[in-house]
Amino acid sequence: KAVDELFIQSGSGGKIVAYTPAVMNELIKDHPEALSLLNSKKKINPVTKKLQAVAEIYNRGQMMSKN
């Protein structure tokens, strides 16, 4: 039986940890748009697509310059 195991990392030098909703919520707590999508009731299958969308939203904000 195949099992998907997901891992997440905060930044390029952050610790890699096993994915749980609680860990993900903690990592993106300061980004309301990404947090809203993660906690939405909208079904996006497989779950990896939802997590990729959340990461994309979160990272888009990190890449923007405030100059």
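Structure: above.
The present account deals with the structure reproduced in this document.

Here is what the cut-offs are and how they apply
Residues numbered from 1 in each chain as written. Predicted model: local features only at pLDDT ≥ 70, side-chain atom pairs only at ≥ 80, totals over all residues. Heavy atoms only, no water. Helix = DSSP H or I, 4+ residues; strand = E, 2+ residues; numbered from the N terminus. Buried < 20%, exposed > 50% of the residue type's maximum accessible area, 1.4 Å probe, protein only. Core = buried A, V, L, I, M, F, W, Y, C linked by side-chain atoms within 4.5 Å. Contact = heavy atoms within 4.5 Å. Arc of directions from axis to C-beta. Lys, Arg positive; Asp, Glu negative; His and termini not counted. Salt bridge = Lys/Arg side-chain N within 4 Å of Asp/Glu carboxyl O. Polar contact = N/O pair within 3.5 Å; in protein donor to acceptor, adjacent residues only side chain to side chain.

Check the secondary structure of the protein chain and you find three helices and two strands. Ordered by position in the sequence, the α and β elements of the protein chain form the string β-β-α-α-α. For the protein chain, buried positions account for 18% of its 67 residues.

In this section: the nonpolar core. Note that soluble globular proteins tend to have their nonpolar side chains buried in a common cluster. Ranked by size, the top nonpolar core spans ten residues in total: I8, Y19, M24, I28, A34, L37, L38, L51, V54 and I57. Mapped onto this core, the elements with two or more residues apiece are α2 (32–39) and α3 (47–63). Leave out the neighbours within four places in its chain, and I8 touches K15, I16, V17, Y19, V23, M24 and L27.

Quick look at the environment of I16 now. Mapped onto the elements, I16 comes out in strand β2 (residues 16–18). Contact partners of I16, with chain neighbours within four places excluded, come to F7, I8 and Q9.

Listing the buried residues of α2 in full gives A34, L37 and L38. The buried residues of α2 occupy an angular sector of 100° when projected down its axis, which confines them to one face.

Time to look at the side chain of K50. Residue placement: K50 occurs in helix α3. E33 provides the closest opposite charge to the buried, unpaired K50, separated from it by 14 Å. At 3.5 Å, the side chain of K50 and the backbone oxygen of K42 are in polar contact. The residues touching K50, leaving out its near neighbours within four places in the chain, are L37, L38, S40, K42 and I44.

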